[in-house]
Protein chains: 2
Amino acid sequence: MSDLVERLRGRGWRMTAQRRVVAEVLTGDHVHLTADEVLARATARLPEISRATVYNTLGELVSLGEVVEVTAHGRAKRYDPNAHRPHQHLVCSECGTIRDVHPGGDPLTDLPDSERFGYTVSEVEVTYRGHCPDCAGL
Amino acid sequence: MSDLVERLRGRGWRMTAQRRVVAEVLTGDHVHLTADEVLARATARLPEISRATVYNTLGELVSLGEVVEVTAHGRAKRYDPNAHRPHQHLVCSECGTIRDVHPGGDPLTDLPDSERFGYTVSEVEVTYRGHCPDCAGL
DNA sequence: TTACTTGCAAACCCTTTGCACCAGT
DNA sequence: ACTGGTGCAAAGGGTTTGCAAGTAA
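About the cut-offs
Residues numbered from 1 in each chain as written. Chains lettered and ligands numbered in written order. Predicted model: local features only at pLDDT ≥ 70, side-chain atom pairs only at ≥ 80, totals over all residues. Heavy atoms only, no water. Least-squares fit on C-alpha atoms with pLDDT ≥ 70 in both. Pairing = 2+ DSSP bridges. Helix = DSSP H or I, 4+ residues; strand = E, 2+ residues; numbered from the N terminus. Near = heavy atom within 4 Å. Polar contact = N/O pair within 3.5 Å; in protein donor to acceptor, adjacent residues only side chain to side chain.

Draft legend 1. The arrangement of the relation of the copies chain A and chain B in detail. The transformation that overlays chain A on chain B combines an axial shift of 0.0 Å with a rotation of 179 degrees, and the residual RMSD is 0.2 Å. Overall, the copies show the geometry of a two-fold rotation axis. Relative to the rotation axis, the C-alpha of Val-126 of chain A is the closest in chain A, positioned 2.3 Å from it.

Set out below in structure tokens:
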């Protein structure tokens, strides 16, 4: 039984078989599944689960801060359950595979070999997210 | 006449009215247009231009390294012609508006007030892009 | 001339939605 | 019982594609 399920129950999240299965599928390190992959794995355990419910649940987990969305250019979003340990992402531009990384020094210049997982690194991108002045009050 | 058009011609890129218009629309600082916006502005100058051509041309400019794609979670990609001066992005999670920023110290902790454009900043995300071992030879 | 580019419309992928039914608490 | 979650199927936004006709070099 996953920590995540416990935590969510503690927060008063209404627990259902579908939500439990989605939460359980999203467990572990270096887990970065697309919604489709989550659906496939969830279906293996609970055949009646629907695509809509998977999307609903993923969206809620993201809002609750339990799961992080990772966007790779032009591909389906991936969902990363490792939201409580700060880390960054290393993305393959070819196949979209993602690894979690923990850069040591200046993220713009250093990604230690030990954190490259055999990837070549050709680009580093930093994105700050927040609210612009016009949207600040919303 | 834009520098970009000159540079592309110099690289042997076959020049057409459509491509010139797209390249000219993508000129300036803090320009981060969606494909749709590029189409709208291009159409204003060249009414017969098609959506497909705009997408083709944007894709080529990205491949040529003249334009950078910026992806905001769940929104249309935006195209940034400022590919030759290194910079990072500040994205409004609400409306998707983007500003170019130049962080000073450690990107993970510091975004100077002078670089915030009145935005609040709630999240910093670093993404490394490259090829995974399986895709390295492609 | 000839290979490359364009326009059109349909196809595509991923995600969201409307609504009637069902189920935790 | 009440509130909120689920499944289905259809719609939606953004992007890509196949192919015939057009055009830069």
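Draft legend 2. Local environment of the sheet that holds strand β1 (residues 33-34) of chain B. Pairing is antiparallel across the open sheet formed by three strands, whose spatial order is β1-β3-β2 (chain B). Among the strands making up the open sheet, the edge pair consists of β1 and β2 (68-70) of chain B.

Draft legend 3. Quick peek at the protein's contact with DNA strand C. Neighbouring DNA strand C are 17 residues; Tyr-55 of chain A together with Thr-16, Gln-18, Glu-48 and Thr-53 of chain B lie closest to it. A share of 74% of the atoms of DNA strand C within 4 Å of the protein falls on sugar and phosphate groups. Interatomic distance of 3.1 Å between a backbone N/O atom of Met-15 of chain A and a phosphate oxygen of DNA strand C. Between Arg-19 of chain B and DNA strand C, the recorded distance is 3.0 Å, taken from a side-chain N or O atom to a phosphate oxygen. Among the elements of the structure, α4 (51-63) of chain A together with α2 (17-25) and α4 (51-63) of chain B are those that each provide at least two residues to the surface near DNA strand C.

Any functional reading would require information that these geometric values do not contain.
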